[in-house]
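# Residue-level structure breakdown
The chain contents come next:
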Amino acid sequence: MNKDNATPDVSEWVISRIADLLETRLPSRGGDPAVSYVAKLFSKGPDAALKKIGEEATELVMAAKDGQPERIVSEMADLWFHCLVVLTENGLRPEQVVAELARREGVSGLQEKASRLKNP
Ligand SMILES: N=c1c2ncn([C@@H]3O[C@H](COP(=O)(O)OP(=O)(O)OP(=O)(O)O)[C@@H](O)[C@H]3O)c2ncn1[C@@H]1O[C@H](COP(=O)(O)O)[C@@H](O)[C@H]1O
C-alpha cells in the first residue's frame with residue numbers, strides 16, 4: 001500500500017525494550033507477582049489487562065475533554081503500556097503493529113473504506 005513500505009527497524013525503540021521486559025514477566029518465564037506489577041496483572045488472567053485498557057482509555061478521554069496536555073500524555077502512556085501488556089499476553093510484538101501502520105502509511109482512510117465497500 002505504501003510506496004516504500006519497508007518495515008521500520010524499531011528494535012531499539014523504547015516500546016521494543018519494554019516488550020522484551022514484559023515477556024520476562026509471563027508466568028511461563030517465571031514472572032513473580034510479588035515483585036512485578038505486570039506479572040501480577042498476568043496472574044489475574046487476560047481480562048485484567050483488558051479491563052485496564054478500558055479504564056485507561058476512559059481516563060485519556062477525560063484528559064482530552066479537559067484539554068490538559070500533560071494528563072493527555074500521561075494517560076496515553078498508560079494506555080499504550082497496557083496495550084503492550086495485551087500484545088505480550090497474546091504472543092504478539094509491537095513491531096507487528098508498527099509494520100501494520102507502515103503498511104497503511106499514505107493510504108487515506110476514505111480511500112481504504114471505499115475499496116473495502118467495493119470488494120467486501
Ligand atoms: N510503563 C510501565 C507502566 N506504566 C504504568 N504502569 C503501572 O500501571 C498502573 C496503572 O494503573 P492505575 O493508574 O489505575 O494505578 P493503580 O491504582 O496503581 O492500578 P491498579 O492497582 O488499580 O491496577 C500503575 O500501577 C502504574 O505504576 C506501569 N508499570 C510498568 N511499566 C513498565 O513495565 C516494566 C515492568 O514493570 P514491572 O513488571 O512492574 O516490573 C517497567 O520497568 C516499566 O518499563
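Residues numbered from 1 in each chain as written. Predicted model: local features only at pLDDT ≥ 70, side-chain atom pairs only at ≥ 80, totals over all residues. Heavy atoms only, no water.

### Quick notes on helix α1 (residues 14-23)
Here is the rule: With a 1.4 Å probe rolled over the protein chains alone, any residue whose accessible area is under 20% of its type maximum counts as buried; one over 50% counts as exposed, and the rest are partly exposed. A helix here means a DSSP run of H or I that spans at least four residues, while a strand means a run of E at least two residues long, and both kinds are numbered starting from the N terminus. Within this analysis, the arc is defined by the directions that extend from the helix axis to the C-beta atoms. We call two residues in contact when some of their heavy atoms are within 4.5 Å.
Along α1, the residues that are buried comprise S16, A19 and L22. Looking down the long axis of α1, one finds its buried residues gathered within 120 degrees of arc, a one-sided arrangement. Where α1 is buried, its residues touch α2 (37-43), α4 (69-89) and α5 (94-104).

### Regarding the packing of aromatic side chains
The condition is simple: Here a Phe, Tyr or Trp ring, Trp counted by its six-membered ring, pairs with any other such ring whose centre lies within 6.5 Å, and the pair is stacked when the planes are under 30 degrees apart, edge-to-face when over 60, and tilted otherwise.
Counted by the stated rule, this structure contains 1 aromatic pair. Ring geometry for Y37 versus F81: centroids 6.3 Å apart, planes at 35 degrees, classification tilted. With Y37 in helix α2 and F81 in helix α4, the pair connects residues that are 44 residues apart, well separated along the chain. What makes Y37 partly exposed here is its relative accessible area of 43%. Exposure remark for F81: the relative accessible area of 22% places this residue in the partly exposed category.

### Topic: the site of the ligand
Heads up, the rule is: The near set for a molecule or strand comprises every residue that places at least one heavy atom within 4 Å of it. Throughout this description, a polar contact denotes any pair of N or O atoms lying within 3.5 Å of each other; where both atoms belong to protein, one of them has to be capable of donating a hydrogen while the other can accept it, and for residues adjacent in sequence the pair is counted only when both atoms sit in side chains. Throughout, the Shrake-Rupley method with a 1.4 Å probe supplies accessible areas, and for residues the shown protein chains are the sole cover considered.
In the neighbourhood of the ligand, the contacting residues comprise L21, L22, R25, S36, Y37, V38, K52, E56, D78, F81 and H82. One of the side-chain N or O atoms of R25 is found 2.7 Å from an oxygen atom in the ligand. Within the side chain of S36, an N or O atom sits 2.5 Å from an oxygen atom of the ligand. When the ligand sits alone it has 820 Å² of accessible area, and the protein chains cover 52% of it. For the shell around the ligand, the secondary structure elements donating two or more residues are α1, α2, α3 (46-65) and α4. At 3 residues, the largest contribution of residues to the shell around the ligand is made by α4.

### Observations regarding the environment of L50
Here L50 lies in helix α3. Sequence separation between L50 and V86 is 36 residues, and the spatial gap between their C-alpha atoms is 7.1 Å.

### As for the packing of α1 against α4
Rules: Here, axes are lines fitted to C-alpha atoms. For helices the fit covers the stretch in contact, and angles between N-to-C directions go from 0 to 180 degrees. Should an angle lie under 35 degrees it is considered roughly parallel, over 145 roughly antiparallel, and from 65 to 115 roughly perpendicular; all remaining angles are considered oblique. A clockwise turn of the near helix away from the far one marks a right-handed crossing, whereas an anticlockwise turn of less than a right angle marks a left-handed crossing. We call Asp, Glu, Lys and Arg charged. Ala, Val, Leu, Ile, Met, Phe, Trp, Tyr, Cys and Pro are nonpolar, and the rest, Gly among them, are polar.
In contact at an axis separation of 10 Å, α1 and α4 are set at 50 degrees when each is read in the N-to-C sense. Here α4 runs oblique to α1, going by the angle between their axes. Note that α1 runs across α4; the crossing there is right-handed. Counting all contacts with α1, which are made through I15, I18, A19, L22 and E23, the residues of α4 involved are F81, L84, V85 and T88. For the contact of α1 with α4, a count of residues per class yields 7 nonpolar, 1 polar and 1 charged.

### Quick look at the environment of V85
The residue V85 is located in helix α4 in this model. Owing to a relative accessible area of 0%, V85 belongs among the buried residues under this scheme. In this view, V85 contacts L22, V38, L41, F42 and A49; residues no more than four positions away in its chain are not counted.

Remember, this is a structural readout, not a statement about activity or role.
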